[in-house]
Amino acid sequence: MEKMVSSCNIGLFADDVVIWKNDKDVIKIENSLNENMVAIQSFAEEHKLNFNPAKPFTCIFTTNIHMLNLQPKIYLKGNLIETTKSPTYLGFTLDTEINCGKHIAKLVEKGRKRLQLLKFISGRDWGANSGTLRMTYTALIRPVLEYGYQVHQVASQTNLNKLERVQLSAARIITGLRSCCPKTIVLYEADLQPLSMRIRTNSAKYIAKLQSLGSFNRTSKSILQWTSNQRLKKDSPVGVMWKRGLLDFNIEPCIPFSCLTPNTSLDRVSFNDQLLSSASKHTQHPEMMRQLSLELITNIPSQALVLYTDGSKSDSGRTGSGVYAKAEDGLVFRCRFRNQITVRFSDRNFLPSEKP
């Protein structure tokens, strides 16, 4: 579907599709979007797909207050698409003023409803203890308050304080402290960090991970090409992270595992995915297959760092689900998984002709 769209941007996640275009001329935006809607509809009909014309909606994001009530004429199957000022995409509520106020209001409302769960299972003389209450909060309520923090961290302090008050209410339920107790003491007794502190820490990890992906990720690519020469960009989430000193363009790139194949060209790294001689599992004896594998391992240069995965073994005889790496200087790295299997290696691993 992405190949069918031209002169516009498109984003897809599962069955959610968003198309957008930036321009000063509204007529040009309408014409471009309508042309792409026709192309997408043709693609859908060709692949036996069907779009519900009642679900799509349009929205204009602008700082020009005279255009907030404008209704663009975008059509799907000949039907005019409805215009809304607060669309929701992937659970994040957008607003035309780009201040995240609507999204935070929904998070507060949803968080307040879930606070009733803590009240039901808590009690002065009976009910769950503070540890169970804290675990319930961190598992069911705090993720709701932090949803979309990468974007809504640019909201005003007044809106962000609404989220802090929800957490403070949960902390008072967990600790049983009264409302007259200072909030710093309540959060300390509940062993909870302020949401603003968690947002800063998580944002630093998030932005560093994105930057390391390079051009493999669309968001990472936009961050690497980001400049702060416009007012809106200065107030954007990336601009806020820049002011906080979280953007470091010297982060070492990292290739995602999904993009790494034996054909990938890596410096001083080689993949051995074939035996020295051809063999078939159906015709060759299992011991012959094992012997061919051992011959391949023996021919690896001594200066190389050998990394074994499935079927590897360590000095203690452990093998199976895990990673075992041993360097020339004797440095050993082990990573084991839960379904670990312990196997004793004996002379049965070799052919009869190789026995001492």
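Keep in mind it's a predicted model, so treat the numbers as computed, not measured.

K.L.:
Please provide a residue-by-residue account of the overall build of the protein, values included.
P.N.:
Secondary structure assignment for the protein yields 12 helices and 11 strands. Taking all 356 residues of the protein together, 29% fall into the buried category. When contacts within the protein are restricted to residue pairs at least 6 apart in sequence, long-range pairs at least 24 apart make up 51% of them. For the protein, the accessible surface area stands at approximately 24,600 Å², while carbon and sulfur atoms represent 54% of it.

K.L.:
Explain the nonpolar core to me, using residue names and the numbers behind them.
P.N.:
In terms of nonpolar packing, the biggest core is built from 27 residues, with Leu 118, Tyr 137, Leu 145, Leu 163 and Leu 192 touching the most fellow members. Those elements that place two or more of their residues in this core are helix H2 (101–121), helix H3 (130–140), helix H4 (142–145), helix H6 (157–175) and helix H7 (183–190). Here this core takes eight residues from H6, the largest share from any one element. Setting aside anything within four residues of it in sequence, one finds Leu 163 in contact with Ile 104, Leu 107, Val 108, Leu 145, His 152 and Leu 195. Counting residues in hydrophobic clusters, the runner-up holds 10 residues, among them Val 5, Cys 8, Met 37 and Leu 76.

K.L.:
Tell me about a positive patch on the surface, and please be specific about residues and values.
P.N.:
Side chains of Arg 112, Lys 119, Lys 162, Arg 165 and Lys 183 sit close together on the surface and give a patch of like positive charge. Of all the secondary structure elements, the ones that give two or more residues to the positive patch are H2 and H6. Relative to the assigned elements, Lys 162 resides in helix H6. Assessed through its relative accessible area of 32%, Lys 162 is described here as partly exposed.

K.L.:
I'd like a description of the pairing of strand S1 (residues 9–13), backed by residues and values.
P.N.:
With five bridges joining them, S1 and strand S2 (residues 16–20) adopt antiparallel strand pairing. By the bridge assignment, Phe 13 is partnered in S2 with Asp 16. Connecting S1 to the antiparallel partner S2 that follows it, the hairpin turn spans two residues, and Ala 14 within it adopts a positive phi of roughly 60°.

K.L.:
Mind laying out H7, listing which residues take part and the relevant values?
P.N.:
By the burial criterion, the buried members of H7 are Val 186, Leu 187 and Ala 190. For H7, the angular spread of the buried residues around the axis is 95°, confining them to a single face. In H7, those exposed residues whose orientation departs by more than 90 degrees from the buried face are Thr 184, Tyr 188 and Glu 189. Just downstream of H7 lies Asp 191, where phi reads positive at about 60°.

K.L.:
Report on the packing of H3 against H6, specifying residues and quantitative values.
P.N.:
The geometry of H3 relative to H6 is characterised by a closest axis approach of 9 Å and an angle of 160° between their N-to-C directions. Overall, the two elements H3 and H6 adopt an arrangement that is roughly antiparallel. The handedness of the crossing between H3 and H6 is right-handed. Judged by residue contacts, Ser 130, Leu 133, Arg 134 and Tyr 137 of H3 engage Gln 167, Ala 170, Ile 173 and Ile 174 from H6.

K.L.:
Run through unusual backbone geometry, naming residues and quoting values.
P.N.:
Despite not being glycine, Ala 14 shows a phi value in the positive range, around 60°. Within the element layout of this structure, Ala 14 appears in the loop between S1 and S2. Note on Ala 14: relative accessible area 74%, which makes it exposed. The backbone of Leu 90 shows a phi angle near 55°, a positive value even though the residue is not glycine. Looking at the element boundaries, Leu 90 is found in the loop between strand S7 (88–89) and strand S8 (92–93).

K.L.:
Summarise a nonpolar patch on the surface; cite the residues concerned and give the values.
P.N.:
Taken together, the side chains of Phe 13, Leu 90 and Tyr 147 present a nonpolar region at the surface, about 300 Å² in accessible area. Tracing the backbone through its elements, the reader meets Phe 13 in strand S1.

K.L.:
Could you give me a rundown of the packing of H2 against H3, with the residues and numbers involved?
P.N.:
Across the interface, H2 lies against H3 with an axial gap of 10 Å and an inter-helix angle of 165°. One element, H2, and the other, H3, form an angle in the roughly antiparallel class. Regarding H2 and H3, the two cross each other, and that crossing is right-handed. Listed contacts from H3 to Arg 114, Leu 117, Leu 118 and Ile 121 of H2 are Leu 133, Thr 136, Tyr 137 and Leu 140. Looking at side-chain class alone, the contact of H2 with H3 contains six nonpolar, one polar and one charged residues.

Parameters at a glance
Residues numbered from 1 in each chain as written. Predicted model: local features only at pLDDT ≥ 70, side-chain atom pairs only at ≥ 80, totals over all residues. Heavy atoms only, no water. Helix = DSSP H or I, 4+ residues; strand = E, 2+ residues; numbered from the N terminus. Buried < 20%, exposed > 50% of the residue type's maximum accessible area, 1.4 Å probe, protein only. Contact = heavy atoms within 4.5 Å. Areas by Shrake-Rupley, 256 points an atom, 1.4 Å probe, with all protein chains shown as cover. Core = buried A, V, L, I, M, F, W, Y, C linked by side-chain atoms within 4.5 Å. Patch = residues over 30% accessible without salt bridge, like charges linked within 9 Å, V, L, I, M, F, W, Y side chains within 5 Å. Salt bridge = Lys/Arg side-chain N within 4 Å of Asp/Glu carboxyl O. Lys, Arg positive; Asp, Glu negative; His and termini not counted. Charge placed at Lys NZ, Arg CZ, Asp CG, Glu CD. Pairing = 2+ DSSP bridges. Arc of directions from axis to C-beta. Axes fitted to C-alpha atoms, helices over the stretch in contact; angles between N-to-C directions. Parallel < 35°, antiparallel > 145°, perpendicular 65-115°, else oblique. Left-handed = near helix turned anticlockwise from the far one by under 90°. Nonpolar A, V, L, I, M, F, W, Y, C, P; charged D, E, K, R; others polar.

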